[in-house]
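Commentary on secondary and tertiary structure
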Amino acid sequence: MNMIFRQLSLLCFLILSIVHVQLIAQTIDSSSGNKDGSSFVFSPDGKYLAKISNINKNTQVKILDTNNMKVAAQWQIPDFETRELQFSASDSGKILITDKRRILVYKLSGNKQKLLFIQPELKNQEIVQAGFDLDTDEVVWATNNTVYKTNPSNRKSKELAYVNPLQSSISSFAPLKDDELAVSIANSKDLFVYTPTDSEKP
């Protein structure tokens with residue numbers, strides 16, 4: 001019974017994660033030309049509201065303080081088409097923004113933003129998904145076949161999951177506790193749970 005409950009919980013968590021990512025991606029990807037296709041994201045504590053607009057292959061970010069709806073910070077990211085923006089659950093002043101090529105982590109300070117971390121573009125690799133870890137501000141992110149966890153402070157990364165490219169590719173993932181991952185792969189209805197002792201699954 002406990003195993004069934006755990007499996008159902010993991011499935012529900014992954015479904016919610018996938019829906020959240022898809023809604024943001026669909027809203028942002030709908031922009032083209034000069035049309036302002038915008039997406040809005042609240043911080044977990046409700047302190048900030050982010051507006052993200054992709055215009056002419058540039059991203060415009062505006063962060064509003066929900067106490068007075070005044071602009072807390074705003075900036076533009078050139079040559080960047082945002083797919084996802086996420087606030088840290090432990091520090092709403094930290095923001096992760098990703099497109100298909102790069103991951104950026106910012107820290108709000110006063111009315112400005114400071115770039116804390118950038119994951120450079122990987123040759124022949126596309127970033128499928130990225131976000132903050134559940135319990136820390138480390139970044140969990142996936143290419144088509146590998147999921148990594150990166151510490152933005154020291155830039156050290158470790159591999160959490162790998163899918164053989166000859167067999168399938170990663171569609172999405174949901175971080176669990178203690179470096180466990182729920183991973184959905186292409187062309188499969190199965191949900192795979194990776195633990196730190198797993199090296200390779202599908």
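Procedures and definitions
- Residues numbered from 1 in each chain as written.
- Predicted model: local features only at pLDDT ≥ 70, side-chain atom pairs only at ≥ 80, totals over all residues.
- Heavy atoms only, no water.
- pLDDT = per-residue confidence, 0-100.
- Contact = heavy atoms within 4.5 Å.
- Helix = DSSP H or I, 4+ residues; strand = E, 2+ residues; numbered from the N terminus.
- Buried < 20%, exposed > 50% of the residue type's maximum accessible area, 1.4 Å probe, protein only.
- Pairing = 2+ DSSP bridges.
- Axes fitted to C-alpha atoms, helices over the stretch in contact; angles between N-to-C directions.
- Phe/Tyr/Trp six-rings, centres within 6.5 Å; stacked < 30°, edge-to-face > 60°.

1. As for the confidence of the model for the chain
Per-chain confidence: the chain averages 83 in pLDDT, with 79% of residues scoring 70 or above. Counted against residues more than four places away or in other chains, residues 1-35, with its pLDDT under 50, gives 43 contacts.

2. Here we look at the environment of Q60
Mapped onto the fold, Q60 is located in strand 3 (residues 58-65). Under the relative-accessibility criterion, Q60 is labelled partly exposed at 35%. For Q60 and W75, which are 15 residues apart along the polypeptide, the C-alpha to C-alpha distance reads 6.0 Å. Other than its neighbours up to four places away in sequence, Q60 contacts K51, I52, S53, I55, W75 and Q76.

3. Considering the pairing of strand 3
Where strand 2 (residues 48-55) lies against strand 3, eight bridges are found, and the strand directions are antiparallel. The residue bridging L49 from the neighbouring strand is L64, located in strand 3. Counted between consecutive antiparallel strands, the loop separating strand 2 from strand 3 contains two residues, among which N56 sits at a positive phi close to 50 degrees. Both strand 3 and strand 4 (residues 70-77) contribute to a ladder of seven bridges, which runs antiparallel. Its bridge partner being in strand 4, Q60 is matched across the sheet by Q76.

4. Digging into the sheet that holds strand 15 (residues 191-194)
Reading across from one edge, 13-14-15 is the order of the three strands in this open sheet, with antiparallel pairing throughout. Among the strands making up the open sheet, the edge pair consists of strand 13 (170-175) and strand 15. Adjacent strand axes in the sheet meet at a mean angle of 25 degrees, parallel and antiparallel pairs treated alike.

5. Overview of the sheet that holds strand 10 (residues 139-142)
One open sheet accounts for four strands, arranged 9-10-11-12; its pairing is antiparallel. The sheet is open, and its two edges are formed by strand 9 (129-132) and strand 12 (157-162), each paired on a single side. The mean inter-strand angle of the sheet, taken between neighbouring strand axes irrespective of direction, is 20 degrees. Relative to strand 12, strand 11 (residues 146-150) runs antiparallel, the two sharing five bridges. In the sheet register, T150 faces strand 12, and the bridge partner there is S157.

6. Regarding unusual backbone geometry
Residues other than glycine predominantly adopt negative phi, and peptide bonds predominantly adopt the trans conformation. The residue K57 is not glycine, and still its phi comes out positive at about 65 degrees. Along the polypeptide, K57 turns up in the loop between strand 2 and strand 3. With relative accessibility at 58%, the residue K57 sits in the exposed group. Of note in this structure, N124 is not a glycine but carries a positive phi near 60 degrees. In this structure, N124 sits in the loop between strand 8 (112-119) and strand 9. Assessed through its relative accessible area of 72%, N124 is described here as exposed.

7. Re the packing of aromatic side chains
On inspection of all chains with the given rule, the structure shows three aromatic pairs. Ring geometry for Y48 and F87: centres 6.3 Å apart, planes at 5 degrees, overall stacked. With a gap of 39 residues between them, Y48 in strand 2 and F87 in strand 5 (residues 84-87) connect regions that are remote in the sequence. Of the residues examined, Y48 reaches a relative accessible area of 11% and is grouped as buried. You can call F87 buried: its relative accessible area is 4%.

8. Brief notes about the side chain of S43
Counting through the fold element by element, S43 comes out in the loop between strand 1 (37-42) and strand 2. With sequence-adjacent residues up to four places away left out, S43 is seen in contact with Y48, F87 and S92.

9. Quick word on the environment of E138
Mapped onto the elements of the fold, E138 is located in the loop between strand 9 and strand 10. Considered as a pair, E138 and S153 are 15 residues apart in the sequence and their alpha carbons are 8.6 Å apart. If near-sequence neighbours (up to four positions away) are discounted, E138 is found in contact with G131, F132, D133, K149, T150, N151 and P152.

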